[in-house]
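This is what each chain is made of:
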Amino acid sequence: MSKITSCIAIAGIFLRVAAGAQEPVKIEVFDTPNDAGGSLTITWPLSTSAQTSEYRIYVATAADGPFQLAATTTAPALKSTEPTLFGHAEANDQFHVLHFTDHDTEGGGEPMPLRDGTAYFVRLGVTTDGDELFSDVHSAEPGGNWFNTAKWNNLIISVGLTLVILFYISVARRKDLFIRRIAGLEALDEALGRATEMGKSVLFVHGLKEMDKISTIAAVSILGRVAQRTARFDTDLRVANVDPVVMSVSQEVVKEAYLQQGRPDAYRPDSIFMAATEQFSYAAAVAGIMVRERPAAHIMMGYFYAESMLLAETGSTTGAIQIAGTDAYTQLPFFVTTCDYTLMGEELYAASAYLSREPKLLGSLKGQDLGKALIIGLVLVGTALASFEVDFLTHLFASL
Amino acid sequence: MLFLTRTLPFLFCFVFGVTSWIIYYVPHEYAQTIEREFALWLRLVFAFAYVLGLVSLLSLHWAKIRQRQAGWAYSLIVYISFGVMMLFVVYNDGNGPFAPQETTGPYQWTFINVHVASSATMFSLLAFFISSAAYRTFRARTPEAAILLVSAIIVMLGRVPIGAYISDVIPEAMQWLMSVPNMAAKRGILLGVSLGAIATSLRIIFGIERSYLGGGDD
């Protein structure tokens, strides 16, 4: 009877192997790369079985157990779906990957998070047709990483561009650099002069973004240059704000500009005011100022949304000179259509340097131009290579 | 005084700028904690700044009412609206000012039926503004304007069912215009914007650009 049982068992194993049920021969367990800690990653070869298997990850703090369930899946991801962690190697299609951050507890309570610095022993169980086969036990320690290797390309590009810009700043100290004419900025003096001659005010609007956005910082820098000129020309400057922090910074910027021009008496803090904190309330408030007070010049710099058209079109009906600048490409057509001059994209960032004519600032513009030329060159080379299915350059510049 | 108005802000800017730059590359929990702390400080600054904003808004409109400036009645509406909404917030649908804000009651009703409706009205005005601006722009007075006009007609027709009804080519041409010339221009602008943002950040972090502090670059 026992021989018969043994024969049936051997036959069963033979049939399972014949059906494709496999024990995972090779697993790898390691700390999850590029994370804050508290996570382990397990990889194992792609299942060749035609049948659906259930994969269970077991974890223990000792090599001989007791093992607790950490994760279960019937559809594990492939390594190739995470190029930021595993690159673009073709072999990544042949491995499953799973990250886990906690495991069950003996009493059945809340899952226990993995602790950084603790060695965990991990094994994989594969269940096909009700039989669970286990892998070898491997150990790894979770921990936080000090550098996100997925961002090394970003770091190299940032450092490279920084060096180029700093190099041109040093060049600018020694010799004059040619900067192309930007019509919108050349027209700024004309607009302010017109306002002075007409005895009317200048309205400055700096978009909807908060103070921590680079477009708003650029707009505030331009405001500083504009305020110096309005202080010199003794022209009334009105600044309508949507954000209280931007308002406070703008007040300080304008105050300093008036002080520097020797006109602290001309500075009026209530000229830099909160118009509203909501998008369309703000648009209504500023449009009302344009129509009622009829400023001679509208300067709109910063990041705009749908209110751009409402403001610029209302402004154009009042006959004021309108100069706009934005890095919001969706709003550029509206400004181009309705304003006299428009600073497009990067010109917004160049404005402060252009207006100051400060060699150091102009040098940074030149460096920026060279950086752009380099990137355009790389895009052309990358396009040519990608056309011949050589994609390493594409992967090198992949956004992460 | 110069230290407080120029040097100290520059030092803050440098330290926080460089720290934030480093944190971007460091996923470690320590770095994330610092980032969360910065975000918390920012929220605190915002909370105080909102008080300044409110004071500015109310004093501006108070001056208009007091001096009977043009449109002072609108300023009166600002005061009345502010007062009414403040009362509704304190009332909090009968629960008082110290309970979490209810999602029902007069405050919510007024917000949805007045503020949201007014904002939607402003937004809908955009259609008329776009029409008038488009009329001015699309007059084919130059070759560039003519190209713009033809492209705009193709895109507009390609977006609506009548375009496909006229010809199957129109939706395809629209798709080509959007995904080839339009996308190329969009990416070109984005490329310049990104580089400009990097250069501006560097100028500010290293104290080369100080006009955001007011005055010139001394």
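Residues numbered from 1 in each chain as written. Chains lettered and ligands numbered in written order. Predicted model: local features only at pLDDT ≥ 70, side-chain atom pairs only at ≥ 80, totals over all residues. Heavy atoms only, no water.

## As for the interface of chain B and chain A
- Chain B puts 61 residues into the contact, and the matching count from chain A is 77 residues.
- When chain B packs against chain A, close to 5,800 Å² is buried across both sides, 71% of that on carbon and sulfur atoms.
- Inspection of the chain B/chain A interface yields 1 salt bridge.
- Where Arg225(A) meets Glu209(B), a salt bridge forms, and the shortest distance between an N and an O atom there is 3.5 Å.
- At the boundary of chain B and chain A, one finds 10 residue pairs in polar contact (both at pLDDT 80 or more).
- Looking at the side of chain B that touches chain A, the elements that each hand over two or more residues are helix H1 (2–25), helix H2 (29–66), helix H4 (106–137) and helix H7 (169–205) of chain B. (Contact = heavy atoms within 4.5 Å. Buried area = accessible area lost by both parts, 1.4 Å probe. Salt bridge = Lys/Arg side-chain N within 4 Å of Asp/Glu carboxyl O. Polar contact = N/O pair within 3.5 Å; in protein donor to acceptor, adjacent residues only side chain to side chain. Helix = DSSP H or I, 4+ residues; strand = E, 2+ residues; numbered from the N terminus.)

## Description of the domain arrangement of chain A
- According to the domain assignment, chain A contains domain 1 (22–140) and domain 2 (177–357).
- Spacing between the C-alpha centres of domain 1 of chain A and domain 2 of chain A amounts to 57 Å. (Domains from an automatic or database assignment.)

## Focus on the nonpolar core
- Core analysis: the biggest nonpolar cluster contains 53 residues, and Phe204(A), Ile222(A), Val226(A), Leu237(A), Val254(A), Ile299(A) and Met301(A) have the highest contact counts within it.
- If you look at the next biggest cluster of nonpolar residues, it comprises 29 residues, including Ala240(A), Phe273(A), Phe280(A) and Met122(B). (Core = buried A, V, L, I, M, F, W, Y, C linked by side-chain atoms within 4.5 Å. Buried < 20%, exposed > 50% of the residue type's maximum accessible area, 1.4 Å probe, protein only.)

## Things to note about the sheet that holds strand E17 (residues 341–344) of chain A
Residues and elements named next belong to chain A.
- Pairing within the open sheet is parallel, and its 6 strands lie in the order E14-E13-E12-E15-E16-E17. Since the sheet does not close on itself, it has two edges, and those belong to strand E14 (272–274) and E17, each with one partner. With direction set aside, neighbouring strand axes in the sheet form an average angle of 15°.
- Direction of pairing for strand E12 (residues 202–205) relative to strand E15 (residues 297–301): parallel, over a ladder of 4 bridges. Considered in E15, the bridge of Val 202 is made with Ala 297.
- Sheet strands touched by helix H4 (residues 183–198): E12, E15, strand E16 (321–326) and E17. Its angle to E16, the strand with the most contacts, is close to 145°.
- Against the sheet, helix H7 (residues 279–293) contacts E12, strand E13 (237–241), E14, E15 and E16, and its axis sits at roughly 170° relative to E12. (Pairing = 2+ DSSP bridges. Axes fitted to C-alpha atoms, helices over the stretch in contact; angles between N-to-C directions.)

## A closer look at helix H3 (residues 152–174) of chain A
- Taking 1.5 Å of rise per residue, 23 residues should cover 33 Å, and H3(A) covers 34 Å from first to last C-alpha, within 8% of that figure.
- Within H3(A), the full set of buried residues consists of Asn153(A), Ser158(A), Leu161(A), Thr162(A), Val164(A), Ile165(A), Tyr168(A), Ile169(A), Val171(A) and Ala172(A). (Expected span 1.5 Å × (residues − 1).)

## Re the pairing of E15(A)
Residues and elements named next belong to chain A.
- Counting buried positions over the 5 residues of E15 gives 5, a clear majority of the element.
- Residues Ala 297, Ile 299 and Met 301 line one face of E15 and the alternating positions His 298 and Met 300 line the opposite face, and both faces are buried.
- Two elements, E15 and E16, share 5 bridges in a ladder whose sense is parallel. Its bridge partner being in E16, Met 300 is matched across the sheet by Ala 324.
- Each parallel crossover has a hand, and the one from E15 via helix H8 (residues 307–317) to E16 is right-handed. (Right-handed = clockwise from strand over helix to strand, strands pointing away.)

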